[in-house]
Amino acid sequence: MLLCCLKCTSVLDKARVDDVEVDHCPACGGLWLDHGEIERLSRKMASEVDRLRRLLQGKAGASGPPAVPSEVQGSCPACQSQSVKEVALGNIHIDFCTRCKGLFLDRGEIDAAISTVKDTKMTVAQIVAAAASAADAAA
Ligand SMILES: [Zn+2]
Ligand SMILES: [Zn+2]
């Protein structure tokens, strides 16, 4: 099944980081990760993540648009639902599907996402759930 980019609707390419198969957008440099993949990436060697980072930058090219968070254009690439929400992850905002727990990182967000997962020792799903209950408590 072909997955389409959440942001620019280009067809995503597959790439391997060690034993993790990820989907990345050749047009905008975005990265789609299925449930659990960011946690697996966070345990990979820095050199493996480096390779992925270069892939994301290289494809989008120096002439590509700057890495700015942009609006979600479509439904979830993995489960086709409209459940994708913008959520805070550390100091970045990511697009997270509350149904299949996949997530989309804009170009340049991979390092911040991995370090947040490493620092908190939580999964993204846990971080999102914690943030949501904190917001409920504050409301
Ligand atoms: Zn894209
Ligand atoms: Zn989904």
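Residues numbered from 1 in each chain as written. Chains lettered and ligands numbered in written order. Predicted model: local features only at pLDDT ≥ 70, side-chain atom pairs only at ≥ 80, totals over all residues. Heavy atoms only, no water.

Student: Whenever I open this one, unusual backbone geometry confuses me. Can you help?
Tutor: Negative phi is the rule for most residues except glycine; trans is the rule for most peptide bonds. Of note, the phi angle at glutamine 80 is positive, near 65°, even though the residue is not glycine. With respect to the helices and strands, glutamine 80 occurs in the loop between helix H2 (46-60) and strand E4 (84-89). By relative accessible area, which is 46% here, glutamine 80 ends up partly exposed. Positive phi values are uncommon outside glycine, yet lysine 121 reaches one of about 55°. With respect to the secondary-structure elements, lysine 121 resides in the loop between helix H3 (110-120) and helix H4 (124-138). The class of lysine 121 is exposed, set by a relative accessible area of 72%. (Helix = DSSP H or I, 4+ residues; strand = E, 2+ residues; numbered from the N terminus. Buried < 20%, exposed > 50% of the residue type's maximum accessible area, 1.4 Å probe, protein only.)

Student: How should the coordination of the zinc ion (ligand 1) be read in this particular structure?
Tutor: In ideal tetrahedral geometry, four donors around a metal make angles of 109.5 degrees, whereas ideal octahedral geometry with six donors gives angles of 90 or 180 degrees. Only Cys5 (SG), Cys8 (SG), Cys25 (SG) and Cys28 (SG) from the protein reach the zinc ion (ligand 1) as donors, at distances of 2.3 Å. Relative to the metal, the 4 donor atoms surrounding the zinc ion (ligand 1) lie at angles of 100 to 123°, and the coordination shape comes out tetrahedral. Binding-site remark: the zinc ion (ligand 1) is held by donors from one chain whose sequence spacing is C-x2-C-x16-C-x2-C. With cysteine 8 in the segment before strand E1 (13-17) and cysteine 28 in the loop between strand E2 (20-24) and strand E3 (31-33), this residue pair connects regions lying 20 residues apart in the sequence. (Donors = N, O, S within 2.8 Å, 3.2 Å for Na, K, Ca; no water. Tetrahedral: all angles 85-135°; square planar, octahedral: opposite > 155°, others 65-115°.)

Student: Would you mind showing me how to read the coordination of the zinc ion (ligand 2) here?
Tutor: Protein-derived ligands of the zinc ion (ligand 2) are Cys76 (SG), Cys79 (SG), Cys97 (SG) and Cys100 (SG), with the metal-ligand distances lying across 2.2 to 2.3 Å. For cysteine 100, a relative accessible area of 23% translates into the label partly exposed.

Student: Mind showing me how you'd approach the pattern of salt bridges here?
Tutor: Counted by the stated rule, this structure contains 9 salt bridges. Among the salt bridges present, the one from lysine 44 reaches aspartate 18, with a minimum N-O distance of 3.4 Å. Highlighted residues: lysine 44 in the loop between helix H1 (37-41) and H2 and aspartate 18 in the loop between E1 and E2, separated in sequence by 26 residues. Since its relative accessible area comes to 17%, lysine 44 is described here as buried. Residue classification places aspartate 18 among the partly exposed residues on the basis of a relative accessible area of 44%. (Salt bridge = Lys/Arg side-chain N within 4 Å of Asp/Glu carboxyl O.)

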